[in-house]
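Structure assessment
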Amino acid sequence: MTADDRLIPETPGTDSFPRRQAATRRFTLGAPRGVTVSPDGARVVFLRSRGGDDPVTCLWVLDVATGEEHLLVDPLVLDVPGEEDLPPEEKARRERVREQSGGVVDYATDRAVATAAFVLSGRAFTVGLTPGSVPAALPVEGPVVDPRLDPSGTRVAFVRRGALHVCTLASEETTTLVTPDGEHVSWGLADFVAAEEMNRYRGFWWAPDGGSVAVARVDDAAVPRWYIADPANPEREPTPVAYPAAGTTNATVTLHVLRLDGTRTDIDLGGDEYLAAVEWGEHGLLVTTEPRDQKRVTLRAVDPASGTATEVRSDVDDAWVDLVPGIPAHLDGGALVWCADADDARRLVVDGEAVTGPELQVRGVAAVEGDTVLFSASRVGAPTSTVLHVWSPEAGVSPVSAERGVASGRLAGGVLVVAQASLDHDGTVTTVTGPGTSTTLRSFAESPRLEPRVHRFAAGERGLATAVLLPRHHIPGSVPLPVLLDPYGGPHAQRVVDARGAFLTSQWFADQGFAVVVADGRGTPGRGPAFERAVHGDLAEPVLEDQLDALAAAAAEVEDLDLTRVAIRGWSFGGYLAALAVLRRPDAVHAAVAGAPVTDWALYDTHYTERYLGTPSSWPDAYARSSIVADAERPATREAPMRPLMLVHGLADDNVVAAHTLRLSSALLAAGRPHQVLPLSGVTHMTPQEVVAENLLRLQVAFLEESLGVG
């Protein structure tokens with residue numbers, strides 16, 4: 001794109017940035033993902049679609065020695081064209097992981113990574129992970145969910161209609177291990193809060209010898225039923241959803257060992273309500289649990305024969321204890337790999353000793369091979385980068401990815417895979433490095449043809465990670481620019497990261513004539529436990545204060561920001577923050593677009609909400625401080641006028657249900673406060689539809705321009 005091109009207004013259509021961003025799933029289609037390395041280091045298995053606008057994901061394998069890639073599974077060849085017919089359990093799983101593509105979106109392998117199992121349209125398949133292998137359909141009726149090979153690769157366990165089955169591949173004989181023992185009981189599936197909030201998306205785990213399976217039983221009979229209707233199609237019945245809202249009853253989740261001979265052992269979880277993780281490897285069956293208040297995380301070693309559990313480790317905190325991805329794990333000699341908070345840092349802990357210092361904030365363990373641990377961490381003072389490091393007893397800690405950027409990786413068989421995003425290049429570059437070899441996996445992802453110009457700095461006394469993006473054609477000192485705050489702003493997610501993809505939409509908004517400010521305030525990760533726990537008991541005041549502090553600092557740092565014309569936009573927690581800002585600080589924020597906002601925290605799920613606010617009955621003041629419906633009920637005054645507010649919500653959203661927006665709108669209407677509501681029919685918490693996604697961005701620009709008097 002030339003300098004002259006940037007001055008030409010973009011017209012709607014198939015080649016516009018909003019349309020291309022939607023069609024390419026934010027320019028991720030065609031990029032390799034879902035990497036698995038074989039323990040002998042001979043091959044790397046991964047997922048990738050065949051083009052940057054192709055939503056059908058295929059299964060591939062890389063020969064590490066030769067660097068050659070081979071297509072193993074093409075869903076179109078398997079006669080699963082176009083839209084797949086997914087069972088409800090698979091649709092729910094994809095919504096929880098925010099999966100927006102189709103085809104082979106997940107797979108599981110045996111221990112040797114010689115065979116993989118996967119599902120297409122509820123039909124289960126296996127395929128050998130060598131070039132030329134032909135997928136074979138499992139000889140079972142669908143719909144099949146989550147097929148997983150045993151360690152030897154001779155059997156496949158899978159869930160069908162809430163029952164767990166095992167198919168022996170050689171004999172094609174299928175055995176039913178357990179069936180639902182109640183109307184609302186399922187076996188082998190993750191419950192809602194485990195998948196939505198704990199990153200546990202599966203519900204059964206093979207024993208190392210393949211003779212038994214640890215299985216989660218979920219009974220959600222006591223969970224309140226909510227109903228998601230489709231008002232655009234009134235002939236359709238509303239869909240019931242078991243939704244555990246804050247302060248209400250969770251699903252009852254228990255763990256059991258089922259043997260192939262039909263015997264069963266119940267596991268003692270110590271009375272904890274949440275089953276956070278299960279790991280069954282060469283070092284035994286390990287279970288991680290939490291009580292309802294999440295102020296303790298306990299790791300237990302389980303005797304599969306008796307079901308008795310012995311506490312291995314228990315971490316406590318007055319606010320909450322975070323669940324860290326990738327743990328527990330073990331070195332070859334049996335030393336436990338864990339993560340724990342100390343000295344206001346999350347530390348990597350091996351055999352009970354912290355092996356990283358307070359200068360690193362450990363984000364998760366990616367892999368353990370032998371006595372080497374591969375983990376991700378951000379460095380204090382540079383929270384926008386997430387760097388991969390390795391630790392070993394002999395060499396200590398050293399980085400294995402670029403110091404600037406966002407990296408993830410895998411390690412096995414002496415082969416290291418690093419996926420690196422950066423501000424210096426589009427997308428993610430995935431490099432496979434083995435003994436004497438180095439290969440970059442091909443990426444077919446489209447270029448955004450939009451290079452963000454990001455000015456980053458630390459804002460205010462808290463050193464908030466902040467970025468400012470100006471129109472690429474803007475001449476400094478030429479004209480004051482209206483300001484658009486573009487945050488997420490809440491727990492679990494950063495917006496200011498060293499990756500181009502994080503700023504593409506922000507730069508597009510900037511090119512429409514705004515100075516865009518992106519800031520990560522208190523509660524966001526990467527800055528240490530104290531920074532994250534600053535929102536305990538109040539999800540509103542600290543996050544809003546930090547956005548306004550970052551705004552003031554940005555105006556001092558970068559010229560041409562017009563603080564008399566400030567807007568804010570956001571989705572999910574960012575939508576909550578947008579509505580919060582325009583209602584509580586109309587003196588500083590003059591318009592807002594709030595997408596899928598949480599407006600009353602009593603309507604959001606137990607695990608997320610209660611971590612920060614307790615239950616509504618135990619800590620009602622925290623809910624009053626954090627919810628914004630009461631703000632809407634107060635009539636506007638001359639000192640606190642009603643600023644323009646657009647509320648956007650998908651009517652099929654089962655995560656942040658549309659009731660949040662509708663109740664806020666009702667309160668605003670009752671108080672005589674004008675606003676706009678844009679309902680999205682058939683849209684969930686994601687908006688992958690191309691036309692919807694494009695026009696949604698353009699409608700936001702038009703609304704903000706009119707609201708701020710731009711043009």
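The coordinates are above.
Residues numbered from 1 in each chain as written. Predicted model: local features only at pLDDT ≥ 70, side-chain atom pairs only at ≥ 80, totals over all residues. Heavy atoms only, no water.

Looking now at the side chain of Asp605. By the element assignment, Asp605 lies in the loop between strand S42 (591-595) and helix H9 (606-613). Buried charge without a salt bridge: Asp605, with Arg611 as the nearest opposite-charge side chain at an N-O distance of 7.1 Å. Ignoring anything within four residues of it in the chain, the contact list for Asp605 reads Phe192, Val193, Glu196, Glu197, Tyr243, Pro244, Ala245, Ala246 and Glu610. (Helix = DSSP H or I, 4+ residues; strand = E, 2+ residues; numbered from the N terminus. Buried < 20%, exposed > 50% of the residue type's maximum accessible area, 1.4 Å probe, protein only. Lys, Arg positive; Asp, Glu negative; His and termini not counted. Salt bridge = Lys/Arg side-chain N within 4 Å of Asp/Glu carboxyl O. Contact = heavy atoms within 4.5 Å.)

Examined against the element boundaries, Asp511 turns out to sit in helix H5 (residues 504-511). Asp511 gets classed as buried once you look at its relative accessible area, which sits at 17%. Between the C-alpha atoms of Asp511 and Leu469, which are 42 residues apart in sequence, the distance is 9.0 Å. When neighbours within four sequence positions are excluded, Asp511 is seen to be in contact with Leu450, Leu470, Pro471, Arg472 and His473. Only 2.7 Å separates the side chain of Asp511 from the side chain of Arg472, close enough to count as a polar contact. (Polar contact = N/O pair within 3.5 Å; in protein donor to acceptor, adjacent residues only side chain to side chain.)

Attention now goes to the pattern of salt bridges. For the structure shown, the criterion picks out 51 salt bridges. One salt bridge in this structure joins Arg500 and Asp426, with 2.8 Å as the shortest N-O distance. With Arg500 in the loop between strand S39 (481-485) and H5 and Asp426 in the loop between strand S34 (415-421) and strand S35 (428-434), this residue pair connects regions lying 74 residues apart in the sequence. Look at Arg500 and you get buried, because its relative accessible area is 12%. Classification of Asp426 as partly exposed rests on a relative accessible area of 29%.

With that settled, consider the sheet that holds strand S22 (residues 284-290). Judged by pairing direction, the sheet is antiparallel, and its 4 strands sit side by side in the order S21-S22-S23-S24 without closing on themselves. This sheet does not close on itself; its edge strands, each paired only once, are strand S21 (274-281) and strand S24 (309-316). Averaged over neighbouring strand pairs, the angle between their axes works out to 20° when direction is ignored. By the bridge criterion, 7 bridges tie strand S23 (residues 296-302) to S24 in an arrangement that is antiparallel. Within S24, the position partnered with Ala301 by the bridge is Thr310. (Pairing = 2+ DSSP bridges. Axes fitted to C-alpha atoms, helices over the stretch in contact; angles between N-to-C directions.)

This paragraph deals with H5. Summarising burial for H5: 8 of the 8 residues are buried, a large majority. Along H5, the residues classified as buried are Leu504, Thr505, Ser506, Gln507, Trp508, Phe509, Ala510 and Asp511. Buried positions along H5 lie against helix H2 (17-23), strand S38 (464-469), S39, strand S40 (515-520), strand S41 (561-571) and helix H13 (690-708). Phi for Gly513, located one or two positions after H5, is positive at around 115°.

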